[in-house]
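Overview (structure and organization)
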Amino acid sequence: MSLAIGVVMSRLFIAGLGLSVLLVVSRLEADAVARMTAVKLKGVHESIEANNAARQPVEQKTGYDDVRAILHCHSKWSHDSRSTIEEIIEGAHKAGVRVIMFTEHPADHYDFVTDGHQGLKDGVLLVPGAELHGMLAYPLKSLKGLTFSGPQEQSDMIKRTGGLAFICHLEERMDWEIPGITGTEMYNTHADAKEESRLFLGMVNPLFWLQLRPLIEQYPQELYGALLDYPKDYLKRYDELCQKFPHTGVAGDDSHHNIGMKIIRGEKDLIILEDLLGDKKAELSISKLPFLAPIAGKSKPGDVIMKLDLDPYDRSFHHVSTHLLMNGFDREHVWEALEAGRAYVAFDWLCDPTGFIFQATKGEEKWPIGSKIKFQEGLKLFTIAPLEAKIRLIRNGELVQEAKARELSFDVKEPGVYRVEYWLQIGDEERPWILSNPIYIRPAQ
Ligand SMILES: [Zn+2]
């Protein structure tokens with residue numbers, strides 16, 4: 001994610017559009033900026049504490065380990081990240097992440113498969129890959145030098161190496177339909193943030209950052225989570241795609257650790273805003289904008305007046321992850337879970353969902369999440385999570401049952417693509433918590 005905002009934005013201040021206007025306007029609807037007040041964030045924080053206190057481990061066993069994985073992660077191999085593998089692994093440890101599947105931006109100076117991070121490092125399993133022409137691409141052999149006529153050929157080629165491919169940034173490719181592809185993102189943090197126009201407007205205003213500073217210190221995760229909205233368009237498309245053929249749904253963290261701002265004292269009367277990659281985002285003159293004088297204080301040219309960091313890895317990893325149900329811990333078992341769709345997406349910061357179950361049952365028989373089974377009499381769907389929530393059972397994109405409960409059992413009367421969502425009351429809003437992959441129930445014949 002990079003801030004697509006230029007120096008030109010500073011003109012807005014000269015036009016008199018300051019932070020107060022931004023905040024007054026934002027009260028009208030719930031966007032990220034509206035959620036970034038001390039009162040709102042305190043409410044969110046208290047809900048999360050209450051969730052943690054009420055959480056009860058799920059007793060039922062599935063025979064699988066619930067492993068937190070991150071797909072869509074960049075390191076300094078990518079042009080828009082400066083992060084070392086040590087920093088990323090530290091973030092994984094803090095967020096309880098055990099698998100990281102990298103998606104570097106390819107470049108001539110390296111091969112993302114052979115040079116990319118891989119193997120087990122300090123307990124974290126690393127898988128190399130790339131963000132390649134609209135896909136999270138995890139080939140098992142180098143693709144260096146190859147070109148593809150389009151997404152179908154690219155997906156086929158990745159799969160032929162034994163690799164996996166997922167559509168990423170679905171919002172930009174809602175018309176893609178690629179038989180044989182492993183799956184798609186069902187949420188992407190960057191796509192969620194893109195809609196936050198007022199947030200991006202605020203981010204080139206030093207006053208905005210000044211106001212944000214105490215909130216970032218007190219409620220770092222809640223503040224990051226302010227951008228979370230239900231990915232309605234993504235899921236609508238996801239439901240359509242899954243009815244055509246199975247797609248494993250994954251979370252696109254799009255982690256880079258590059259969102260934040262440095263306020264630097266420039267030459268003469270200038271205040272400079274620079275992002276975490278060192279790109280200048282605004283240059284403001286104190287004599288033209290006297291409200292900047294207290295920010296500048298007694299600073300000298302070159303002084304860093306303030307540095308704020310919004311997206312260290314532990315925070316973006318904790319925001320959303322893909323939970324894999326695995327029965328072994330190595331690259332092969334990661335592949336097996338993702339190919340089978342034995343995965344769910346969760347916003348872990350709202351409450352730890354580990355142990356969540358969605359399965360089909362008939363008598364003693366059980367089929368895990370992602371299963372493809374034939375319709376038969378006596379088939380039930382069962383789901384349970386560690387916390388009471390609003391459970392929504394969805395068939396072919398339509399809501400078929402809703403309940404406020406910890407678990408739900410449903411008699412299957414007809415074939416279809418079934419998935420569940422869990423929602424939690426967080427502060428004064430309901431927020432999505434768990435988005436499962438489907439169970440595919442085929443017609444009997
Ligand atoms: Zn990316």
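Before going into details, it helps to say that this report is about the structure given with it. (Residues numbered from 1 in each chain as written. Predicted model: local features only at pLDDT ≥ 70, side-chain atom pairs only at ≥ 80, totals over all residues. Heavy atoms only, no water.)

Scanning the protein from N- to C-terminus turns up 14 helices and 23 strands. In terms of overall size, the protein behaves like a compact globule, its C-alpha atoms giving a radius of gyration of 23 Å where 445 residues would be expected to give roughly 22 Å. Considered along the principal axes of its C-alpha atoms, the protein spans approximately 80 × 50 × 40 Å. A total of 445 residues make up the protein; the buried ones form 57% of that total. Taking all contacts inside the protein whose residues are at least 6 apart in sequence as the whole, residues at least 24 apart take part in 71%. In the structure as shown, the protein presents an accessible area of about 18,500 Å², 52% of it carried by carbon and sulfur atoms. Distance from the positive charge centre (51 side chains) to the negative charge centre (64 side chains) of the protein: 2 Å. (Helix = DSSP H or I, 4+ residues; strand = E, 2+ residues; numbered from the N terminus. Rg over C-alpha atoms; globule rule 2.2 N^0.38 Å. Buried < 20%, exposed > 50% of the residue type's maximum accessible area, 1.4 Å probe, protein only. Contact = heavy atoms within 4.5 Å. Areas by Shrake-Rupley, 256 points an atom, 1.4 Å probe, with all protein chains shown as cover. Lys, Arg positive; Asp, Glu negative; His and termini not counted. Charge placed at Lys NZ, Arg CZ, Asp CG, Glu CD.)

On to helix α6 (residues 151–160). Within the span of α6, buried status applies to Q154, S155 and I158. For α6, the angular spread of the buried residues around the axis is 95 degrees, confining them to a single face. Where α6 is buried, its residues contact β5 (130–132), β6 (135–138) and β7 (164–167). Just downstream of α6 lies G162, where phi reads positive at about 95 degrees. (Arc of directions from axis to C-beta.)

What follows concerns the side chain of S299. Locating S299 in the fold gives a position in the loop between α12 (293–296) and β13 (304–309). Here the side chain of S299 touches A296 through a polar contact of 2.6 Å, landing on its backbone oxygen. With residues near it in sequence (within four places) discarded, S299 still touches R265 and I305. (Polar contact = N/O pair within 3.5 Å; in protein donor to acceptor, adjacent residues only side chain to side chain.)

Taken in spatial order, the four strands make up an open sheet running β12-β11-β10-β13, and their pairing is antiparallel. Strands at the two margins of the open sheet, each flanked by one partner only, are β12 (280–285) and β13. The mean angle between the axes of side-by-side strands here comes to 15 degrees, regardless of whether they run parallel or antiparallel. (Pairing = 2+ DSSP bridges. Axes fitted to C-alpha atoms, helices over the stretch in contact; angles between N-to-C directions.)

Quick look at the nonpolar core now. Counting residues in hydrophobic clusters, the biggest one holds 80 residues, and the most contacted among them are W209, L381 and W433. Excluding residues that lie within four positions of it along the chain, L381 makes contacts with F358, Q359, A360, L393, L408, S409, F410, V412, Y418, I439 and I441. Counting 20 residues, the second-largest nonpolar core is a separate cluster that includes M101, V127, W335 and A337. (Core = buried A, V, L, I, M, F, W, Y, C linked by side-chain atoms within 4.5 Å.)

Binding of the zinc ion to the protein goes through H72 (NE2), H74 (NE2), E131 (OE) and D254 (OD), at separations of 2.1 to 2.2 Å. The coordination sphere of the zinc ion comprises four donor atoms, whose angles at the metal cover 81 to 168 degrees; the geometry is irregular. Linear spacing of the donor residues for the zinc ion on their chain is H-x1-H-x56-E-x122-D. With H74 in the loop between β1 (65–73) and α5 (85–95) and D254 in strand β9 (residues 248–255), this residue pair connects regions lying 180 residues apart in the sequence. Across this residue pair, the class does not change: H74 and D254 are buried. (Donors = N, O, S within 2.8 Å, 3.2 Å for Na, K, Ca; no water. Tetrahedral: all angles 85-135°; square planar, octahedral: opposite > 155°, others 65-115°.)

This part covers the environment of A337. Here A337 lies in helix α14 (residues 331–340). Classification of A337 by relative accessible area gives buried; the value is 0%. Considered as a pair, A337 and E87 are 250 residues apart in the sequence and their alpha carbons are 27 Å apart. Setting aside chain neighbours within four positions, we find A337 in contact with L324, L325, M326 and R342.

Most of strand β16 (residues 357–362) is tucked away: five of the six residues are buried. Pairing of β16 with strand β19 (residues 380–395), which is carried by five bridges, proceeds in the antiparallel orientation. Bridging from a neighbouring strand, Q359 pairs with F382 of β19. Both β16 and strand β17 (residues 365–368) contribute to a ladder of four bridges, which runs antiparallel. By the bridge assignment for β17, A360 is matched with W367. Between β16 and β17, which pair antiparallel and follow one another directly, the connecting turn spans two residues, one of which, G363, has a positive phi of 60 degrees.

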